[in-house]
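Given next are the chains, with one letter for each unit.
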Amino acid sequence: AEPRATPATPATFEEVYRLHAPAVHRFCFSQAGDRPLAEDLTHETFARAYAAWERVQPDPASLRTWLLAIARNLVTDHHRRRGRWARVFARIAAGEARDDVEVLADRRDRLRNVTAALAALAPRDRELIGLRVAADLSYREMAKVLGSTEPVVKVATHRALNRLRSRLETMS
């Protein structure tokens with residue numbers, strides 16, 4: 001059996017950081033294209049690695065790939081969030097150019113229906129939908145907030161969204 005990583009003391013983790021931070025930063029920069037963002041993603045990678053060190057006990061031989069997997073997930077999450085917001089802003093910008101009274105009335109109607117459908121859901125469903133849609137949290141972040149596991153939160157959120165869709169369909 002290969003030796004496992006030693007506990008993450010500040011000295012050992014400082015060595016891990018010194019050895020692998022340049023590669024992690026280069027990867028983050030290659031994916032984000034923005035130095036300050038790459039620095040933030042690199043910092044977050046090592047913060048998450050330090051927090052998970054005892055639980056994961058990474059193999060020293062695969063330490064770099066483990067760190068890069070964390071960085072990759074962070075970059076992916078960043079792009080997803082940025083993409084969601086870009087789509088929202090694009091819709092807003094497109095709507096501003098052609099909104100008339102009829103369109104605004106239709107939007108208010110739909111908003112009223114969504115609000116009523118949400119109010120009819122159980123508090124847990126409203127909370128899950130609020131964290132996922134309104135707060136734009138990942139399932140991992142939701143699990144941390146709710147003190148649950150990511151798979152449980154993912155399934156529960158999927159079911160809550162299906163219940164919301166069903167209510168909205170009956171209102172149409």
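Being a predicted model, the structure only gives us computed values, none of them experimental.

A. Just the overall build of the protein chain, in detail. In terms of helices and strands, the protein chain carries seven helices and zero strands. Listing each helix as α and each strand as β along the protein chain from the N terminus yields α-α-α-α-α-α-α. Within the protein chain, the proportion of its 172 residues that are buried is 29%. Sequence-distant contacts, at least 24 apart, represent 62% of the contacts inside the protein chain between residues at least 6 apart. Carbon and sulfur atoms form 57% of the exposed surface of the protein chain, whose accessible area is close to 11500 Å².

B. Spatial organisation of the side chain of histidine 20. Summarising the element assignment, histidine 20 is placed in helix α1 (residues 10-32). Given the relative accessible area of 11%, histidine 20 is considered buried. Those residues in contact with histidine 20 that sit more than four places away from it in its chain are Phe46, Leu63, Arg64 and Leu67.

C. Summary view of the pattern of salt bridges. All told, the structure shown has eight salt bridges when counted by the stated rule. For aspartate 77, the salt bridge is made with arginine 80, and the minimal N-O distance between the two is 3.4 Å. In this pair, aspartate 77 and arginine 80 both sit in helix α3 (residues 63-98), three residues apart, roughly one turn of the helix. Overall, aspartate 77 belongs to the buried group, its relative accessible area being 13%. Under the relative-accessibility criterion, arginine 80 is labelled partly exposed at 48%. Ionic pairing is found between aspartate 125 and arginine 163, a salt bridge with its closest N-O pair at 2.6 Å. With a gap of 38 residues between them, aspartate 125 in helix α5 (residues 123-134) and arginine 163 in helix α7 (residues 150-171) connect regions that are remote in the sequence. Arginine 163 gets classed as partly exposed once you look at its relative accessible area, which sits at 38%.

D. Examining the packing of α5 against helix α6 (residues 139-146) more closely. One way to put it is that α5 packs onto α6 with a least axis distance of 10 Å and a crossing angle of 135°. One element, α5, and the other, α6, form an angle in the oblique class. As for the relative orientation of α5 and α6, their crossing is right-handed in sense. Taken together, the residues of α6 that come into contact with α5 (itself represented by Arg124, Glu127, Leu128, Leu131 and Arg132) are Tyr139, Met142, Val145 and Leu146. Looking at side-chain class alone, the contact of α5 with α6 contains six nonpolar, no polar and three charged residues.

E. Quick peek at the packing of aromatic side chains. What the rule picks out here adds up to five aromatic pairs. Ring geometry for tyrosine 17 versus phenylalanine 46: centroids 4.8 Å apart, planes at 70°, classification edge-to-face. Taken together, the residues tyrosine 17 in helix α1 and phenylalanine 46 in helix α2 (residues 35-56) connect sequence positions 29 residues apart. Of the residues examined, phenylalanine 46 reaches a relative accessible area of 4% and is grouped as buried. For the pair tryptophan 53 and tryptophan 66, a centre-to-centre distance of 6.1 Å together with 70° between the ring planes defines the contact as edge-to-face. In this pair, tryptophan 53 is assigned in helix α2 and tryptophan 66 in helix α3, connecting sequence segments 13 residues apart. Comparing tryptophan 53 with tryptophan 66 shows no difference in burial state: the two are buried. Joined through ring pairs, the aromatic side chains of Phe13, Tyr17, Phe46, Tyr50, Trp53 and Trp66 make up one cluster.

Reading the values: the criteria
- Residues numbered from 1 in each chain as written.
- Predicted model: local features only at pLDDT ≥ 70, side-chain atom pairs only at ≥ 80, totals over all residues.
- Heavy atoms only, no water.
- Helix = DSSP H or I, 4+ residues; strand = E, 2+ residues; numbered from the N terminus.
- Buried < 20%, exposed > 50% of the residue type's maximum accessible area, 1.4 Å probe, protein only.
- Contact = heavy atoms within 4.5 Å.
- Areas by Shrake-Rupley, 256 points an atom, 1.4 Å probe, with all protein chains shown as cover.
- Salt bridge = Lys/Arg side-chain N within 4 Å of Asp/Glu carboxyl O.
- Axes fitted to C-alpha atoms, helices over the stretch in contact; angles between N-to-C directions.
- Parallel < 35°, antiparallel > 145°, perpendicular 65-115°, else oblique.
- Left-handed = near helix turned anticlockwise from the far one by under 90°.
- Nonpolar A, V, L, I, M, F, W, Y, C, P; charged D, E, K, R; others polar.
- Phe/Tyr/Trp six-rings, centres within 6.5 Å; stacked < 30°, edge-to-face > 60°.

Read these as layout, nothing more, since geometry by itself doesn't imply function.
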